[in-house]
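Observations on chain architecture
Here are the chains, one letter per residue:
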Amino acid sequence: MQNIALITLVVRDYDEAIAFYTDALGFHLVEDTDRGDGSRWVVVRPAGSGAGTGLLLARAGDDEQRASVGAQTGGRVGFFLHTDDFARDHARMTAAGVRFLEEPRHEAYGSVAVFEDLYGNKWDLLQPS
């Protein structure tokens, strides 16, 4: 059996990324380990996801990596956050200052709205039908 354990998300700063993902999106901080060279191993996961796929928040280490912050998927929606209560999470995230790029839509596959993280990466908040 295989599964994807982590997806790397290149960020400007560890602490601002942790604050956004935990405070605004409601993720849990799973690990924050100092690696001894100024870098950290920082993992966050959506609340209730158990041992599901997490995000490895990796601070950009050079100019090429800094240029990719916020543009890791070329402007496309690159991340999909599923929820069991779209209205609840949309309201909570909006109150926390998350920027939604559209009004909620109700499609055959579910309720969805695109939002941006603090760097401009696009995400779908999605409650499947």
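Described below are features of the structure shown in this document. Source: prediction; values computed, not measured.

Before going further, it helps to spend a moment on the overall build of the chain. Assigned secondary structure in the chain consists of 3 helices and 9 strands. In the chain, the succession of α and β elements from N to C terminus is β-α-β-β-β-α-β-α-β-β-β-β. For 129 residues, the compact-globule estimate of 2.2 N^0.38 gives 14 Å, and the chain sits close to it at 15 Å. Taken along its principal axes, the extent of the C-alpha atoms in the chain is 50 × 30 × 30 Å. For the chain, buried positions account for 36% of its 129 residues. Considering only residue pairs separated by 6 or more positions, the chain has 53% of its internal contacts joining residues 24 or more positions apart.

Along helix α3 (residues 86–95), the residues classified as buried are Phe86, Asp89, His90 and Met93. In an axial view of α3, the angular spread of the buried residues amounts to 100°, which keeps them on one side of the axis. Relative to its buried face, α3 has exposed residues pointing more than 90 degrees away, namely Ala87 and Ala95. Along its buried surface, α3 packs onto α1 (14–24), β6 (99–100), β8 (110–116) and β9 (122–128). Positive backbone phi, approximately 95°, marks Gly97, located one or two places after α3.

Judged by pairing direction, the sheet is mixed, and its 4 strands sit side by side in the order β1-β4-β3-β2 without closing on themselves. Two strands lie at the open edges of the sheet, namely β1 (6–11) and β2 (28–34), each paired on one side alone. Going across the sheet, the axis of each strand differs from the next one's by a mean of 25°, ignoring polarity. Summarising the sheet, β1 and strand β4 (residues 54–59) pair through 6 bridges and their orientation is parallel. When the bridges of β4 are listed, Ile7 appears paired with Leu55. The sheet contacts of α1 involve β1, β2, β3 (40–45) and β4, and relative to β4 the element is tilted by about 155°.

Analysis parameters
Residues numbered from 1 in each chain as written. Predicted model: local features only at pLDDT ≥ 70, side-chain atom pairs only at ≥ 80, totals over all residues. Heavy atoms only, no water. Helix = DSSP H or I, 4+ residues; strand = E, 2+ residues; numbered from the N terminus. Rg over C-alpha atoms; globule rule 2.2 N^0.38 Å. Buried < 20%, exposed > 50% of the residue type's maximum accessible area, 1.4 Å probe, protein only. Contact = heavy atoms within 4.5 Å. Arc of directions from axis to C-beta. Pairing = 2+ DSSP bridges. Axes fitted to C-alpha atoms, helices over the stretch in contact; angles between N-to-C directions.

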